[in-house]
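Report on the structure
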Amino acid sequence: NAGVTQTPKFQVLKTGQSMTLQCAQDMNHNSMYWYRQDPGMGLRLIYYSASEGTTDKGEVPNGYNVSRLNKREFSLRLESAAPSQTSVYFCASSEAPITQPQHFGDGTRLSIL
Amino acid sequence: EDQVTQSPEALRLQEGESSSLNCSYTVSGLRGLFWYRQDPGKGPEFLFTLYSAGEEKEKERLKATLTKKESFLHITAPKPEDSATYLCAVQARAGGTSYGKLTFGQGTILTVHP
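Everything in this summary refers to the structure shown in the same document. Treat the numbers as computed from the prediction; the structure is a model and nothing was measured. (Residues numbered from 1 in each chain as written. Chains lettered and ligands numbered in written order. Predicted model: local features only at pLDDT ≥ 70, side-chain atom pairs only at ≥ 80, totals over all residues. Heavy atoms only, no water.)

1. A few points about the packing of aromatic side chains
We apply this condition: Pairs were defined over the aromatic rings of Phe, Tyr and Trp, the Trp ring being its six-membered one, requiring ring centres within 6.5 Å. Orientation was assigned from the angle between planes: stacked under 30 degrees, edge-to-face over 60, tilted for the rest. In this text, helices come from DSSP runs of H or I with a minimum length of four residues, and strands from runs of E with a minimum of two, each type numbered from the N-terminal end. Accessible area is worked out with a 1.4 Å probe on protein chains only. A residue is then buried under 20% of its type maximum, exposed over 50%, and partly exposed in between.
Applying the stated criterion across every chain yields a total of nine aromatic pairs over all chains. Ring centres of Tyr35 of chain A and Phe104 of chain B lie 5.8 Å apart, and the angle between their planes is 85°; this geometry places the pair in the edge-to-face category. Taken as a pair, Tyr35 of chain A in strand S4 (residues 31-38) and Phe104 of chain B in strand S10 (residues 102-104) lie in two separate chains rather than in one. Each of the two residues, Tyr35 of chain A as well as Phe104 of chain B, counts as buried. Relative to Phe104 of chain B, the ring of Tyr36 of chain B lies with its centre 6.0 Å away and its plane at 45°, an arrangement referred to as tilted. On the criterion of sequence distance, the pair formed by Tyr36 of chain B in strand S4 (residues 30-38) and Phe104 of chain B in strand S10 is long-range, its members being 68 residues apart. Owing to a relative accessible area of 0%, Tyr36 of chain B belongs among the buried residues under this scheme. Owing to a relative accessible area of 8%, Phe104 of chain B belongs among the buried residues under this scheme. Grouped by ring-pair contacts, the aromatic residues Tyr33, Tyr35, Phe90 and Phe104 of chain A together with Tyr36, Phe46 and Phe104 of chain B constitute a single cluster.

2. A few points about the interface of chain B and chain A
Which entries qualify depends on this criterion: Contacts are assigned to residue pairs with any non-hydrogen atoms lying within 4.5 Å of each other. Buried area, as used here, totals the accessible surface that two parts lose on assembly, with accessibility defined by a 1.4 Å probe and the loss added over both. When a carboxyl oxygen of Asp or Glu lies within 4 Å of a side-chain nitrogen of Lys or Arg, that pair is called a salt bridge. By the criterion applied in these results, polar contacts are pairs of N or O atoms within 3.5 Å in which, for protein atoms, one can donate a hydrogen and the other can accept it, and in which residues neighboring in sequence qualify only through two side-chain atoms.
On the side of chain A, 24 residues touch chain B, which itself brings 21 residues to the contact. Taken over both partners, the interface formed by chain B and chain A buries close to 1800 Å², and the fraction arising from carbon and sulfur atoms is 56%. Our count for the chain B to chain A interface comes out at one salt bridge. Asp106 of chain A is paired through a salt bridge with Lys42 of chain B; the nearest N and O atoms lie 3.7 Å apart. For the pair chain B and chain A, the interface holds eight residue pairs in polar contact (both at pLDDT 80 or more). Those elements that provide at least two residues to the side of chain B that touches chain A are S4, strand S5 (45-50), strand S9 (84-92) and S10 of chain B. In terms of residue count, S4 of chain B provides more of the side of chain B that touches chain A than any other element does, four residues in total.

Below, the structure written as structure tokens:
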């Protein structure tokens with residue numbers, strides 16, 4: 001049981017480069033999420049997808065875009081990376097967007113120079 | 001604005017020394033409170049969901065309880081493998097939206113020495 005799989009696990013980018021973080025879940029969950037975790041800031045929601053075909057902004061969406069490719073996959077794109085986007089990024093999924101627990105992947109550690 | 005405060009920030013215990021972690025919250029109507037465990041270099045691992053005051057959940061050496069203002073995670077006779085960061089998150093009742101926003105606390109770093 002893989003659960004939530006994120007790729008890559010580590011990435012170093014230069015300022016201005018773009019990249020896409022990939023996330024896939026095999027639990028047949030309807031809802032998916034992208035968070036960033038920074039020291040002293042806790043987990044903050046970037047974007048979410050309550051169900052296939054929908055996406056919405058979270059708490060810190062600026063500088064990011066997302067695509068819900070299908071029920072299993074939810075990608076996060078940085079169009080022009082900035083040093084402030086250096087962080088650990090977590091993808092999560094849940095059966096439903098309300099009351100159901102979210103299950104997390106092991107993260108992508110992203111450094112932007 | 002929903003707020004979650006966890007205390008202490010860090011807790012060091014000897015193996016077998018029971019203790020409790022605290023999660024205090026203010027939220028405009030609680031839909032659910034979630035406890036997670038996070039190991040270094042890993043994502044948060046779901047432990048419990050509590051929905052209403054008075055509810056309790058148990059798993060091995062862990063027991064979570066909920067009141068109208070706070071939740072406790074009680075650790076009985078901890079072992080070194082219980083060392084981790086424990087996160088608390090609350091979900092509020094948000095009318096008219098398709099998503100219940102999770103607000104996370106900063107976490108408690110628990111270290112259990114043999």
